[in-house]
Each structure stands twice: as C-alpha cells, then as structure tokens.
Amino acid sequence: FSVLDSSYALVNSITIPSGNISGNYSWNFTSATDGGSLIYFAIGNNIITYNRSTNTIVASVIPGVSSGTIIGLEFKGTNKLYALHEDWSAASTDLVEIDVTNPLAVTKASVISLGFQVNYEFFSTTYNECNQKFYLSTPDTSGSNLPARNIRIDLAGTPTIVPLTPVNVWITGLALKR
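Residues numbered from 1 in each chain as written. Predicted model: local features only at pLDDT ≥ 70, side-chain atom pairs only at ≥ 80, totals over all residues. Heavy atoms only, no water.

Novice: Give me the overall build of the protein chain: which residues, what numbers.
Specialist: Looking only at helices and strands, one finds 0 helices and 14 strands in the protein chain. When the accessible surface of the protein chain is summed, it comes to about 9100 Å², and 51% of that surface belongs to carbon and sulfur atoms. (Helix = DSSP H or I, 4+ residues; strand = E, 2+ residues; numbered from the N terminus. Areas by Shrake-Rupley, 256 points an atom, 1.4 Å probe, with all protein chains shown as cover.)

Novice: Describe the pairing of strand β12 (residues 133–139), with residues and values.
Specialist: The element β12 is largely enclosed, with a buried count of 6 among its 7 residues. Hairpin connection of strand β11 (residues 124–128) to β12: 4 residues between the antiparallel strands, including Gln-132 at a positive phi of 55°. (Buried < 20%, exposed > 50% of the residue type's maximum accessible area, 1.4 Å probe, protein only. Pairing = 2+ DSSP bridges.)

Novice: Which residues make up the environment of Leu-136, and what are the values?
Specialist: Its location among the elements puts Leu-136 in strand β12. Each C-alpha atom, one on Leu-136 and one on Leu-84, is 9.7 Å from the other, the two residues being 52 residues apart in sequence. The contact partners of Leu-136, leaving out residues within four places of it in the chain, are Leu-84, Leu-114, Phe-116, Val-118, Phe-123, Ser-124, Thr-125, Arg-149, Asn-150, Ile-151 and Leu-174. (Contact = heavy atoms within 4.5 Å.)

Novice: Describe a nonpolar patch on the surface, with residues and values.
Specialist: A grouping of Leu-4, Tyr-8 and Leu-10 is seen on the molecular surface, where their side chains present a nonpolar patch of about 380 Å² in accessible area. According to the relative accessible area criterion, Leu-4 is partly exposed, its value standing at 45%. (Patch = residues over 30% accessible without salt bridge, like charges linked within 9 Å, V, L, I, M, F, W, Y side chains within 5 Å. Salt bridge = Lys/Arg side-chain N within 4 Å of Asp/Glu carboxyl O.)

Novice: Which residues make up the environment of Thr-125, and what are the values?
Specialist: For Thr-125, the position within the fold is in strand β11. The class for Thr-125 is buried, based on a relative accessible area of 10%. Separated by 46 residues in sequence, Thr-125 and Ile-171 place their C-alpha atoms 9.4 Å apart. Aside from chain neighbours lying at most four places away, what touches Thr-125 is Gly-72, Glu-74, Leu-84, Phe-134, Tyr-135, Leu-136 and Leu-174. A polar atom in the side chain of Thr-125 sits 2.8 Å from the side chain of Glu-74. (Polar contact = N/O pair within 3.5 Å; in protein donor to acceptor, adjacent residues only side chain to side chain.)

Novice: Please give an account of the pattern of salt bridges that cites residues and values.
Specialist: A complete count under the given rule lists 4 salt bridges for this structure. A salt bridge links Lys-133 to Asp-154, with the nearest nitrogen and oxygen atoms 3.1 Å apart. Placement of the pair is Lys-133 in strand β12 and Asp-154 in strand β13 (residues 148–154), with a sequence separation of 21 residues. Of the two residues examined, Lys-133 and Asp-154, each falls in the buried class.

Novice: Tell me about the sheet that holds β11, and name the residues and values.
Specialist: Taken in spatial order, the 4 strands of this open sheet run β11-β12-β13-β14, and their pairing is antiparallel. If you trace the sheet from one side to the other, it starts and ends with β11 and β14 (160–163), each paired once. Sheet twist, expressed as the mean angle between neighbouring strand axes with direction ignored, is 20°. Bridging between β13 and β14 involves 4 bridges; their strand directions are antiparallel. Among the inter-strand pairings, Ile-151 is bridged to a residue of β14, identified as Pro-163. (Axes fitted to C-alpha atoms, helices over the stretch in contact; angles between N-to-C directions.)

Novice: Can you break down the side chain of Glu-74 residue by residue, with the values?
Specialist: Looking at the secondary structure, you find Glu-74 in strand β7 (residues 69–77). What makes Glu-74 buried here is its relative accessible area of 15%. Side-chain polar atoms of Glu-74 contact the backbone nitrogen of Thr-126, separated by 3.5 Å. With sequence-adjacent residues up to four places away left out, Glu-74 is seen in contact with Ala-32, Leu-81, Tyr-82, Thr-125, Thr-126, Tyr-127 and Phe-134.

Novice: Just give me the short version of the packing of aromatic side chains, but keep the residues and values in it.
Specialist: Any two aromatic rings considered together are summarised by their centre-to-centre distance and by the angle between their planes. Scanning the entire structure with this criterion turns up 4 aromatic pairs. Their ring planes at 55° and their centres at 4.8 Å tell us that Phe-1 and Phe-41 sit as a pair that is tilted. Of this pair, Phe-1 sits in the segment before β1 (2–4) while Phe-41 sits in strand β4 (residues 38–43), and the two are 40 residues apart along the sequence. For Phe-1, a relative accessible area of 26% translates into the label partly exposed. (Phe/Tyr/Trp six-rings, centres within 6.5 Å; stacked < 30°, edge-to-face > 60°.)

Written out as structure tokens, the structure reads:
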C-alpha cells in the first residue's frame, strides 16, 4: 500500500501480507480523515493509519472481520471511526465503531445491524458529528422491489435506523454541508 503526493511521487508505503486480507474484494477500499494530519484507509479486514505530520504509516488487522469487508469509513472523533462491516457469512451489514487509539491493537464493536446487505460496490455514506447521524444510500439487493435503500442512523442515545423518503435511485457522493 503506497501513499503518493499530488505529483504521484511516493511519500511512504507499507506491505500488507496477502494472508492478512479477507474476502475476494481486497481491492475495494475506503478512506477517512480527521481533517488534520491523520488519514485512515480500510482494505478488506485491515485499517491503515497514515500520519502526514510524522510521515509514518501503520497497518493493522481489524479483529472480527473473517468474512466480508469494511466499507463506508467515516471519521467519528478522536481515534474513533464508523464503518460498515459487510459480513458475507451472515448475509448482513452492521454499522461498527473502530477504535484506533492503539494502531497495533485496533478494536471493532457493532453499533447496530442494518437488517440488509449493502451493495459493497455501489454505496455512499457520510457522518455528521454535530448531530451524530450516519447516512447511507445503496441500491437494494434484497429483491424487495425498492430501487434503493436510503437511511439515516441516529446515533445520539440508542442507535435507531430511520428510512428516508423513498426515491427511485440511490444517491451517489453523499457529503456533509457545513
């Protein structure tokens, strides 16, 4: 895994042993930033932390991701990330919290099960840390005749899934307007 600058020059790199990458879709990765010096990447069952200030890079296996992949990575707050764990063995997706306080001992905890599988190739997420809401849009793959699943997960208090007004398409490029 390599980090490049805007001129495509190598800044830093790290080797991830192929035995440490789960699933058939290790090419599918997602990223998030703290808005400062830290950039996080999730690839399969790995979390990579790159610190731009110190030019250091660390790769860690996320425990409990033996099947599926991590997608939809979003920055929650200091050393905490939200992501979707697409678990192929259970045919479902969970919103999870990943704690990267110690990059060599990353932890993952389930926040809420979505009750359906997210299309890991076509989805869009964003998180609003001010009101603690996580948004997801993905084409429906369950055969429910819904063209898309567009939901908001309220995370202040008990996590609650709120379906958004049905639309005929999934929404790409969700972004938070400040």
